[in-house]
Amino acid sequence: MSRILVKRQHIDITGTVQGIGFRPAVYNISAGLGLTGFVYNDTKGLSIEVQGDEERIKEFLEAFKSGSACPAMAKIKNIAIAEIPLVFDETEFVIKESKTAGDVLSEVAPDIALCYDCLKELNNAEDYRSNYPFINCTNCGPRYSIIKSIPYDRANTTMSEFSMCETCHRQYTDITDRRFHAQPVACGRCGPKIWLTDSKGSILTDDRNETITAAAQMLRNGKIVAIKGIGGFHLAVDALNEKAVKTLRQRKQRESKPFAMMASSIEKIKRYAEVSAQAEQLLKSPASPIVLLPKKEPCAISPAAAEGLTALGFMLCYAPLHYLIFDQNIDVLVMTSANISDEPLICDNALALERLGNIADAFLMHDRDIYRQIDDSVFHIIDGTPVSLRRARGYVPTPIELELNSSVDIFAAGADMKNTFCFVKQNRFICSEHIGDLADGRVYHHYIKSIEHLAGLFEVRPEIIACDTHPGYFSTQYAQSKKAEKIFYIQHHWAHAASVLAENNIQEPVISLVCDGTGYGTDGAIWGCECLIASLEKFERFAHLAYFPLPGGDKASKEAIRPLIGLLAGNFNLSELTAILKIIEPDIQKITVIAEQIEKKINTVETSSLGRVFDAVAALAGIGNYNSFDAELPMKLEACIMENINESYDFDIIEKADEPLQLDLSPMLGSIIMDRAANLPVGVISAKFHNTLAEALVEVTVKARKATGLNTAATSGGVFCNKYLAEKTIKLLKNKDFKVLFNAEVPSNDGGLSLGQAAIAAAVAGKNIIY
């Protein structure tokens, strides 16, 4: 007879393991194997004690190590196991109450799109929660947007206001039920409710079905409806109705920036856009982000939804309320963040009426409070890989885990535009959601509140702060206002490079191409097209775009004529400039004033900004001369690229002893002027321009490899949000046998900067290095 060896083990599981049905999974596996013990949530994750036959315990552990028993949204980071003494009076396996004491290492789950099982119940007339707008289970529903503190229990969420009815409570406490310990669980009897108001807040109807029907009718009639969702309000309008979309633009004060759209199925999206296999998988994922897709032609979507662009941003319904609206004969809706211009997303009912009453014709409200407002995430596909353009709902606050481990807590303040911030706790890098442009007072206030909330949620007490070197950044000034043992001032483009290294768990030096609009350089100039030899501990400037004068301060990022004159002023006199630019800028006096401003160096800085080169070329090509939103002209320049154009323009690389190499684009600009005069199609000019940049960047990288022996190239910076340039550069680098790294989990724009700052601070924290 074989001998049965009984053991007891204590098991700690860390990662994304709370609020997603992990405790029921542990219970079901242990009960099925005849094991005794218990499981509970604590501030680090899951704590388990299990007792029984040694072989059964091994089987139990393997089920979680292999992932076969894990809930869909689980992300196990570590399983720690220790042998402990047997307990002799234990007869079953139980789920215990959560424990709140201790250092917080547990991960809060992001908000999760409606799962298949809940969608079936939503559409089942016989189901207890048929047509209930807040149906959810352990596999789906709000998480981050409703949590106040951890552990993730109902008492610590905005659902604490709703007492469960008998049926919901029975499911919540039934270990075999899909809603066991689903904290937002509710139904029409006991849970949140919806209602419809006019623009003044007067209730039109509070009947659930009438609310959905009336809201859908208004949308079909071309009205604008503000819909409260998971992370805040959307402003919704029929995407096929040109007049309605234009009205929304006018009222929202959003002249040209593209709108996101929503549909209820992939099949509907495919009517209007090309959907690759990778894009479809991303759209259907639990995160359910907006995905940029090539527009089909002809396309019935209102041209005003994405004027002058060839990509459409689509997402699928992710909340039950969305599905109920679309079931009312709705095809495609514009679903844009409910705010004024670039102010923070609105999530409060009263504030929505106050701020949006002049925009929306009606409001579809609900009474489940949103504790943490959060925008939709935005992705596109680069080189077959899903790449983040805005990391928010569905992804935040899931930490990025590195091999790098910090002995102290760290706060990284991020940049001023497209701001995110980042906390470091041991080897977990907790990046915030997209915050926005800190120059706006409301956004800056939101930034401060967000820092306080996330720090409290994870009990972070930073001893080190990292920020940008730009003294005028609001984020830098905020960092300086805090009391910390150390503040690291980190150069902007080095932080971009470090964000790629952090994502890829690399600490050794690489050749990094960082291209963007602006960043404060170590020499006082404004950098923006850099080839760095960078690690997490140091960097060296190997090459950069040749400096050109940039007049006008903040105006230079809006008015393309300013960088264009700066680029041309060294090669043309005033009369020649006027002749070249009079088609672009009919105000000759303005050209004269800007040229004199450059000559006399009045409010003019030296820059290597590639972003401003994009603006200048867009103006030179006749696309436009003003950015009404960030990167509008570069986006339109990319959108007009003609396919199958392989030609490029000439460029020079200037080599001087003991100085970084300089990339000179003057030959290219001269050729573009001639092509424009010869009426070459704008699409050809754009293709040749993009091809030139890719070839020039790769040639510089090859020279860096020759000088250093390094063979890994990393790309980052907002310019690489340009899909054509990113993929062209990656392809050419791979053709030269480089290993290529690029941002994917965090954006390559300034939304990823805080991760890079945090990684550098963590790498140098314990060393005698000062920045």
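Details of the structure are given in the entry above.
The structure contained in this document is the topic of the report that follows. Counting of residues starts from 1 at the beginning of each chain's written sequence and follows it residue by residue. Local features in a predicted model are, by the rule used here, given only for residues with pLDDT of at least 70; side-chain atom pairs are given and counted only at 80 or more, and totals for whole chains, interfaces and linings are based on all residues. Values reported for side chains reflect all heavy atoms of the structure, with hydrogen atoms and water molecules removed beforehand.

Here's the deal with the sheet that holds strand β17 (residues 400-401)
This is how the line gets drawn: We treat two strands as partners when DSSP finds at least two bridges between them. A run of H or I in DSSP counts as a helix once it spans at least four residues, and a run of E counts as a strand once it spans at least two, with each numbered from the N terminus.
Spatial ordering of the open sheet is given by β17-β20-β19-β18-β21-β22, a layout of 6 strands whose pairing is mixed. On the outer flanks of this sheet lie β17 and β22 (486-490), each paired with one strand and no other. Pairing of strand β18 (residues 410-412) with strand β19 (residues 422-425) involves 3 bridges; the strand directions are antiparallel. Bridge pairing in β19 places Ile410 opposite Val424.

Details of the side chain of Ser145
Where we set the bar: Contacts between residues were defined by any pair of non-hydrogen atoms, one from each residue, lying within 4.5 Å.
Within the fold, Ser145 resides in the loop between α3 (116-122) and α4 (166-173). Ignoring any residue separated from it by four or fewer positions in sequence, one finds Ser145 in contact with Asp111, Ile230, Ile370, Tyr371, Arg372 and Ile374.

What to know about helix α20 (residues 682-708)
Here is the rule: By definition here, a helix of n residues has an expected span of 1.5 Å times n minus one.
The end-to-end C-alpha distance of α20, which contains 27 residues, comes to 39 Å, matching closely the 39 Å that a straight helix rising 1.5 Å per residue would cover. Once α20 ends, the next one or two residues include Gly709, with phi positive near 80°.

Quick notes on helix α1 (residues 22-32)
The line we're drawing: Here's how the labels work: a residue is buried when its accessible area is under 20% of the maximum for its type, exposed when over 50%, partly exposed in between, all with a 1.4 Å probe on protein chains only.
Of all the residues in α1, the buried ones are Phe22, Arg23, Pro24, Ala25, Val26 and Ser30. Packing partners of the buried residues in α1 comprise β1 (6-16), β2 (36-41), β3 (46-53), α2 (54-65), β4 (75-83) and β5 (93-95).

So, the packing of α20 against helix α21 (residues 723-735)
In plain terms, the rule: Between N-to-C directions, angles cover 0 to 180 degrees, with each direction set by a line fitted to C-alpha atoms, over the stretch in contact for helices. Angles below 35 degrees are treated as roughly parallel, those above 145 as roughly antiparallel, those between 65 and 115 as roughly perpendicular, and all remaining angles as oblique. Here a crossing is taken to be left-handed if its near helix is turned anticlockwise relative to the far helix by less than a right angle, and right-handed if that turn runs clockwise. In this classification, Asp, Glu, Lys and Arg are treated as charged, Ala, Val, Leu, Ile, Met, Phe, Trp, Tyr, Cys and Pro as nonpolar, and every other residue, Gly included, as polar.
Where α20 contacts α21, the two axes come as close as 9 Å, and the packing angle between them is 40°. In terms of their interaxial angle, α20 and α21 are classed as oblique. The two elements α20 and α21 meet at a crossing, and its hand is right-handed. Facing α20, whose interface residues are Ala687, His690, Asn691, Leu693, Ala694, Glu695, Val698 and Thr701, α21 presents Tyr724, Leu725, Lys728, Thr729, Leu732 and Leu733. Class assignment of the residues belonging to the contact of α20 with α21 gives a composition of 8 nonpolar, 4 polar and 2 charged.

Examining the pairing of β3
By the criterion of burial, β3 is predominantly enclosed, with 7 of the 8 residues buried. Note that β1 and β3 share 8 bridges and pair antiparallel. Paired with Val6 across the two strands is Asp53, which belongs to β3. Sheet topology places β2 next to β3; 6 bridges connect them, and they run antiparallel. Bridge assignment links Thr36 to a residue of β3, and that residue is Gln51. Where β2 folds back on β3, the antiparallel hairpin that results is connected by 4 residues, among which Gly45 adopts a positive phi of roughly 150°.

A word on the environment of Ala546
Assignment of secondary structure puts Ala546 in the loop between β25 (539-545) and β26 (548-551). A relative accessible area of 17% places Ala546 in the buried class. Sequence-wise, Ala546 and Pro660 are 114 residues apart; in three dimensions their C-alpha atoms are separated by 9.9 Å. Setting aside its immediate chain neighbours within four residues, Ala546 contacts Thr607, Gln662, Leu663 and Asp664.

Section: the packing of aromatic side chains
As a reminder, the rule being used: Only Phe, Tyr and Trp rings are paired, with Trp represented by its six-membered ring, and only when their centres lie within 6.5 Å; those with planes under 30 degrees apart are stacked, over 60 edge-to-face, the remainder tilted. Working rule: Lys NZ or Arg CZ, within 6 Å of ring centre, within 35 degrees of ring normal, means a charge sits over the ring.
Tallied over the full model, the rule gives 16 aromatic pairs. With 5.4 Å between their ring centres and 40° between their planes, Phe411 and Phe423 make a pair best called tilted. Taken as a pair, Phe411 in strand β18 and Phe423 in strand β19 lie far apart in primary sequence, 12 residues in all. For Phe411, a relative accessible area of 3% gives the class buried. Linked through ring pairs, Phe411, Phe421, Phe423, Tyr444, Tyr447, Phe474 and Tyr478 together constitute an aromatic cluster. Against the face of Trp527 rests Arg541, its NZ or CZ located 3.8 Å from the ring centre. Positioned over the ring face of Phe738 is Arg705, at 3.9 Å from the centre of the ring.

Side note on the sheet that holds strand β6 (residues 194-198)
Taken in spatial order, the 11 strands line up as β7-β6-β14-β8-β9-β13-β10-β12-β11-β15-β16 in an open sheet, and their pairing is mixed. If you trace the sheet from one side to the other, it starts and ends with β7 (203-205) and β16 (385-390), each paired once. The average angle at which neighbouring strand axes cross in this sheet is 35°, direction not considered. As judged from the 4 bridges shared by strand β11 (residues 290-294) and strand β12 (residues 311-316), these two strands associate in the antiparallel manner. Its bridge partner lying in β12, Pro294 is registered against Ala311. Of the strands in this sheet, β6, β8 (225-228), β9 (233-238) and β14 (362-366) are in contact with helix α10 (residues 349-356), which crosses β14 at around 170°.

Some remarks on the environment of Ala678
Looking at the secondary structure, you find Ala678 in the loop between α19 (666-677) and α20. Along the chain, Ala678 and Ile400 lie 278 residues apart, while their C-alpha atoms are 51 Å from each other.

These figures come from the coordinates and say nothing about function on their own.
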